[in-house]
Each structure stands twice: as C-alpha cells, then as structure tokens.
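Residues per chain, in single letters:
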Amino acid sequence: MAKRMVPNILITGTPGVGKSTISRLLADRTKFTWREVSKMAEEYNCLDEYDPEYQCPFLNEDKLLDIMEGMMAKGGNIVDYHGCDFFPERWFDGVFVIRTNNTVLYDRLTARGYTGKKLEDNVQCEIFETLLEEAQSSYKEEIVTALQNDSQEQLQTNIDTIVEWIERWKEESI
Ligand SMILES: Nc1ncnc2c1ncn2[C@@H]1O[C@H](COP(=O)(O)OP(=O)(O)O)[C@@H](O)[C@H]1O
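Residues numbered from 1 in each chain as written. Predicted model: local features only at pLDDT ≥ 70, side-chain atom pairs only at ≥ 80, totals over all residues. Heavy atoms only, no water.

The name recorded for the protein chain in an unreviewed UniProt entry is Adenylate kinase isoenzyme 6 homolog, from Chrysodeixis includens. Entered under Sequence similarities (unreviewed entry) in the UniProt record, the comment concerning the protein chain runs "Belongs to the adenylate kinase family. AK6 subfamily." (UniProt positions renumbered as here; feature names shortened; annotations may be inferred.)

Below, the structure is given as structure tokens:
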C-alpha cells in the first residue's frame with residue numbers, strides 16, 4: 001500500500017462506550033470519512049444468518065474487507081466498530097479504544113433497550129477489557145490508546161486528543 005498523506009484511525013470498544021458519538025464529532029472537525037462498519041455491513045449485504053447466542057447477525061468479514069479495501073487506500077477514514085481483530089493491521093495508523101465505567105455503561109445500554117444476557121454480556125465485555133486486549137494483541141502497542149469516556153467533559157477532551165494526534169501524525173509524516 002502506498003504511503004498515506006492522512007492517517008486512518010480505528011475507534012473501537014464495547015457497544016455503548018460512545019464510538020459513534022466520538023466518530024461523528026471527529027468527522028465534523030476533521031472532514032475525515034466516518035465508516036460505521038455495522039451500517040456498512042447492512043448496506044453492502046455482509047450480514048449472514050442470525051447468531052442466537054449474541055442476538056445479532058453474523059458478519060461476513062471477508063466480503064466486508066474486500067469492499068472496504070479501496071476506501072482505506074488514501075487515508076482519512078474513521079472506522080467505527082466493536083471489534084478490531086479481523087481488519088488488516090496495515091490499514092490503521094492509530095487505534096483508539098474507548099472505555100466507559102461499568103455502571104455508566106449499564107445505564108446507557110439499558111436506555112438503548114438492552115436487557116438480560118445481551119446487557120450482562122456487554123457490561124462484562126467492558127469489565128474484562130475484552131476490546132482493549134483485542135486491540136493490544138492485534139496492533140503495535142505504540143499505536144493503541146485507551147480513552148475514558150464517561151462524561152461530556154471527557155467527550156470533549158477525547159475529541160481534542162484525537163484531533164491533536166492527527167495533526168501530529170501529519171507533521172511527522174512530511
Ligand atoms: N462522553 C459521554 N458522556 C455522556 N454520554 C455519552 C458520552 N459518549 C456517548 N454518550 C451517550 O452514550 C450513548 C451510547 O453512545 P454511542 O456513541 O451510540 O456508543 P457506541 O457507538 O459505542 O455504541 C448515547 O446515548 C450517547 O449520547
């Protein structure tokens with residue numbers, strides 16, 4: 001892949017931590033393209049049959065990756081997804097794992113209508129730092145950053161942190 005002039009970033013974390021909120025605000029600030037993987041999977045028919053255990057459809061990863069490959073080439077993408085181990089490592093310059101306090105997350109997911117096993121599984125996923133570990137085992141340590149996102153104040157700080165990271169990346173890549 002040719003060298004990118006602008007970076008690609010991955011925003012990952014447990015459902016409800018604020019990935020889409022952060023991605024949307026970041027896309028407004030940077031004019032990067034927000035790639036909401038769950039929506040793209042629907043749009044491009046990359047969802048296979050329903051997984052009864054996780055109460056969501058299976059993602060056809062290979063098909064999705066083929067579709068995304070061309071989009072990623074030039075950089076300037078904010079990829080938003082609650083998983084990160086199946087993307088090619090070479091796609092990303094920065095990986096941001098969004099974290100939320102478990103009681104705050106519980107309330108957000110309840111407000112979203114999650115109940116029972118789905119609610120418990122997602123809160124446990126956050127407690128066990130599943131996505132942080134997945135990111136750390138899939139990408140180089142120096143490109144993975146965890147950001148706490150419990151409050152509006154932290155939300156603004158996180159946006160500023162990522163915007164500054166992008167500016168620094170651009171300066172360093174000249
Ligand atoms: N820093 C924050 N402070 C308070 N509420 C937040 C914050 N970030 C996100 N939220 C709220 O939490 C809910 C889940 O956020 P969302 O961006 O949809 O998460 P995700 O994309 O990770 O599933 C939304 O109602 C959103 O408005």
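Visitor: Honestly, helix 1 (residues 19–30) in this entry has me stumped. Any pointers?
Guide: Over its 12 residues, helix 1 extends 16 Å from the first C-alpha to the last, a length consistent with the 16 Å expected when each residue adds 1.5 Å. Within the span of helix 1, buried status applies to K19, I22, S23, L26, A27 and T30. For helix 1, the buried positions fall inside an angular range of 130° around the axis, keeping them on one side. The inward-facing, buried residues of helix 1 contact strand 1 (9–12), strand 2 (33–36), strand 5 (77–81), strand 6 (94–99) and helix 7 (152–173). Two residues or fewer past helix 1, K31 is found with a positive phi of approximately 65°. (Helix = DSSP H or I, 4+ residues; strand = E, 2+ residues; numbered from the N terminus. Expected span 1.5 Å × (residues − 1). Buried < 20%, exposed > 50% of the residue type's maximum accessible area, 1.4 Å probe, protein only. Arc of directions from axis to C-beta. Contact = heavy atoms within 4.5 Å.)

Visitor: How do you make sense of the packing of helix 4 (residues 102–111) against helix 5 (residues 116–127) when you look at a structure like this?
Guide: Helix-helix packing: each pair is described by the crossing angle between the helix axes and the interaxial distance. With their axes 10 Å apart at the nearest point, helix 4 and helix 5 run at an angle of 150° to one another. In terms of orientation, helix 4 and helix 5 fall into the roughly antiparallel class. Pair helix 4 / helix 5 crosses with right-handed handedness. Residues N102, L105, Y106, L109 and T110 of helix 4 touch helix 5, and the partners they reach there are L119, E120, N122, V123, E126 and I127. (Axes fitted to C-alpha atoms, helices over the stretch in contact; angles between N-to-C directions. Parallel < 35°, antiparallel > 145°, perpendicular 65-115°, else oblique. Left-handed = near helix turned anticlockwise from the far one by under 90°.)

Visitor: Help me understand a negative patch on the surface in this model?
Guide: Residues E61, D62, D66 and D85 make up a contiguous surface patch of negative charge. Inspection of the secondary structure puts D85 in the loop between strand 5 and strand 6. (Patch = residues over 30% accessible without salt bridge, like charges linked within 9 Å, V, L, I, M, F, W, Y side chains within 5 Å. Areas by Shrake-Rupley, 256 points an atom, 1.4 Å probe, with all protein chains shown as cover. Salt bridge = Lys/Arg side-chain N within 4 Å of Asp/Glu carboxyl O. Lys, Arg positive; Asp, Glu negative; His and termini not counted. Charge placed at Lys NZ, Arg CZ, Asp CG, Glu CD.)

Visitor: Just checking my understanding: could you explain the site of the ligand for this structure?
Guide: Taken together, 15 residues lie around the ligand, and G16, S20, T21, R112 and S151 are the ones closest in. Take K19: an N or O atom from its side chain is 2.8 Å from an oxygen atom of the ligand. In this structure, an oxygen atom belonging to the ligand sits 3.4 Å away from a side-chain N or O atom of R108. Against a free-state accessible area of 560 Å², the protein chains account for coverage of 73% of the ligand. Counting only elements with at least two residues in the shell around the ligand, the list comes to helix 1 and helix 7. When residues of the shell around the ligand are assigned to their parent elements, the largest contribution, 3 residues, is made by helix 1. Its residues placed into classes, the shell around the ligand shows 3 nonpolar, 8 polar and 4 charged. (Near = heavy atom within 4 Å. Polar contact = N/O pair within 3.5 Å; in protein donor to acceptor, adjacent residues only side chain to side chain. Nonpolar A, V, L, I, M, F, W, Y, C, P; charged D, E, K, R; others polar.)

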